[in-house]
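Now for the letters of each chain:
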Amino acid sequence: MARPLDGIRVLDLTNVLAGPYCTYHLALLGAEVIKVEQPGSGDLARSLGADATLNGQGLGVSFLAQNAGKKSVELNLKDPDDKSVFLGLVARSDVVVENFRPGVMSRLGLGADQLRARNPSLVYCAVSGFGQDGPLSQRPAYDQIIQGLSGIMSITGTTETAPLRVGFPIADSVGGMMAALAICASLAPRDADGNRVGATLDVSMLEASLSTMGWAVSNFLGAGVEPSPLGNQNFTAAPSGTFDAADGPLNISANQQQQFVSLCEAIGQPELVEDPRFSEREARKENRVALNAAVNAGLAARTAAEWEETLNGIGVPAARILSVPGALSLPQLAVRDFLHDLDFPGHPDRVLTVMSNGVLFDGESLGPRSAPPILGEHNDALLEWSGSATVNPPTDPDRTLKTSEQVQ
């Protein structure tokens, strides 16, 4: 099927996660993503992941997860000839995405202004921890650094365990997603002649992370109430959070009055509705501890799976707490084709399973159109893509052999 970004070419100069996550989603949407990698080593994520053997082959699972559907070429942007090839690519591309430390690309003569002078319609997107300016801009930034500075860790966990890191790199993911959103928006505007006008995008992971914290931030900005860690409880309502069924934890969100009434009837404690401590929303929040104890007592009679079925049947949102393997095995995901199987690069006897983006386009889940690339897999296409008269051979004459050996 046709995809929204068919015909769009993206040059991906990014490493590890925030940038590659951005360009992965552009690839799912149909863009041709050409990953420009450092000769001989490539994206650092090629050596990261839970399988040490794959790390040694330049196929770390951290790389495989975010780079399917892309092409890989090797260029040394400090080398004049390679830089010339890259500029040829820029002239024939729509988007450049980079996540170097601010100023690096400009010092190479490849900054936003310099590239857009060559290609005025170019969308240039720089993803960094703090943005391209400001007193923190030159600091190195990783996901955990941003989680701490943004306040995310301060409200994660309980009063006893906070500050606590979110269990996956949420700041990287949010930064990459915001970059992809901004790029898609920037591809739409046209001038009076119908030509794309281009844009320079400066994405800050810190600001993007804060922007997603919603009520935790707005309650402070609008009402002066500083958020605090509540563990598995929902600060906006009660009973809403994690509770104890007979065999394990169960999430329940009885956020509306009728849901609370239905819950009390289901657990055999209808009298809770008339108790002045619990009869109104604000009272329930103030007396959360006592209310939770009463709800847990009622839930003790049945398993989490039984309660999940019963409560959802009467309009009370409830669900078990699953492991990652449990979540991936949900029939819901299979019905919507969320997971996609690909050929495993360099390993014909294996299958690589990757995730889509959670959006159906005209009823279809968008999986990658190709497997993640081996480092430099598409070097032979550089001449065609860049329009260069010549393309330098690898600076390391053994590099091609080494890359081939890595995937045996």
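Read on for an overview of the structure. (Residues numbered from 1 in each chain as written. Predicted model: local features only at pLDDT ≥ 70, side-chain atom pairs only at ≥ 80, totals over all residues. Heavy atoms only, no water.)

**What to know about the pattern of salt bridges**
Here is step 1: A complete count under the given rule lists twelve salt bridges for this structure.
Here is step 2: Of the charged contacts, one joins aspartate 6 and arginine 369 as a salt bridge, the two residues approaching to 2.9 Å between their closest N and O atoms. In this pair, aspartate 6 sits in the segment before β1 (9–12) while arginine 369 sits in the loop between β13 (364–365) and α17 (382–386), placing the two residues 363 residues apart along the sequence.
Here is step 3: What makes aspartate 6 partly exposed here is its relative accessible area of 34%.
Here is step 4: In this structure, glutamate 32 and arginine 9 form a salt bridge, with 2.9 Å as the shortest nitrogen-oxygen distance. Highlighted residues: glutamate 32 in strand β2 (residues 32–37) and arginine 9 in strand β1, separated in sequence by 23 residues.
Here is step 5: Owing to a relative accessible area of 21%, glutamate 32 belongs among the partly exposed residues under this scheme.
Here is step 6: Three or more residues joined by partner-sharing salt bridges are found here, namely Asp12, Lys35, Asp43 and Lys70. (Salt bridge = Lys/Arg side-chain N within 4 Å of Asp/Glu carboxyl O. Helix = DSSP H or I, 4+ residues; strand = E, 2+ residues; numbered from the N terminus. Buried < 20%, exposed > 50% of the residue type's maximum accessible area, 1.4 Å probe, protein only.)

**Digging into the pairing of β2**
Here is step 1: Among the six residues that make up β2, five are buried, leaving the element largely enclosed by the rest of the structure.
Here is step 2: Across four bridges, the pairing between β1 and β2 is parallel. Across the sheet, the residue bridging to valine 10 is valine 33, located in β2.
Here is step 3: Handedness of the crossover is the feature at issue here: the chain leaves β1, passes through helix α1 (residues 18–28), returns alongside β2, and the resulting connection is right-handed.
Here is step 4: Taken together, the five bridges between β2 and strand β3 (residues 70–74) define a ladder with parallel strand orientation. Each bridged residue has a counterpart across the sheet, and for valine 36 the counterpart in β3 is valine 73. (Pairing = 2+ DSSP bridges. Right-handed = clockwise from strand over helix to strand, strands pointing away.)

**Observations concerning the packing of helix α7 (residues 143–150) against helix α8 (residues 170–186)**
Here is step 1: Orientation of α7 relative to α8, taken along the N-to-C sense of each, is 90°, at an axis distance of 7 Å. Of the possible angle classes, the one that applies to α7 and α8 is roughly perpendicular. Counted together, Asp143, Ile146 and Gln147 of α7 and Ile170, Ala171 and Asp172 of α8 form the full contact between these two elements.
Here is step 2: Among the residues forming the contact of α7 with α8, the class breakdown is three nonpolar, one polar and two charged. (Axes fitted to C-alpha atoms, helices over the stretch in contact; angles between N-to-C directions. Parallel < 35°, antiparallel > 145°, perpendicular 65-115°, else oblique. Contact = heavy atoms within 4.5 Å. Nonpolar A, V, L, I, M, F, W, Y, C, P; charged D, E, K, R; others polar.)

**With respect to the sheet that holds strand β5 (residues 123–128)**
Here is step 1: On the basis of which strands lie adjacent, the open sheet formed by six strands has the order β3-β2-β1-β4-β5-β6 and parallel pairing. Only two strands of the sheet have a single neighbouring strand rather than two, namely β3 and β6 (199–204). Averaged over all adjacent pairs, the angle separating strand axes in this sheet is 20°, with direction ignored.
Here is step 2: Bridging between strand β4 (residues 95–98) and β5 involves four bridges; their strand directions are parallel. Its bridge partner lying in β5, valine 96 is registered against tyrosine 124.
Here is step 3: Against the sheet, α8 contacts β4, β5 and β6, and its axis sits at roughly 165° relative to β6.

**Here's the deal with a nonpolar patch on the surface**
Here is step 1: A contiguous nonpolar surface patch, about 350 Å² in accessible area, is contributed by Val324, Leu328, Leu339 and Met355.
Here is step 2: Secondary-structure assignment places leucine 339 in strand β10 (residues 339–343). (Patch = residues over 30% accessible without salt bridge, like charges linked within 9 Å, V, L, I, M, F, W, Y side chains within 5 Å. Areas by Shrake-Rupley, 256 points an atom, 1.4 Å probe, with all protein chains shown as cover.)

**Examining the packing of aromatic side chains**
Here is step 1: For the coordinates displayed, the defined rule picks out zero aromatic pairs.
Here is step 2: The residue whose ring lies beneath arginine 302 is tryptophan 307, and the NZ or CZ to ring-centre distance is 4.7 Å.
Here is step 3: Sitting above the plane of the phenylalanine 344 ring, arginine 350 keeps its charged end 4.3 Å from the centroid. (Phe/Tyr/Trp six-rings, centres within 6.5 Å; stacked < 30°, edge-to-face > 60°. Lys NZ or Arg CZ within 6 Å of the ring centre and 35° of its normal.)

Purely geometric numbers; function is a separate question.
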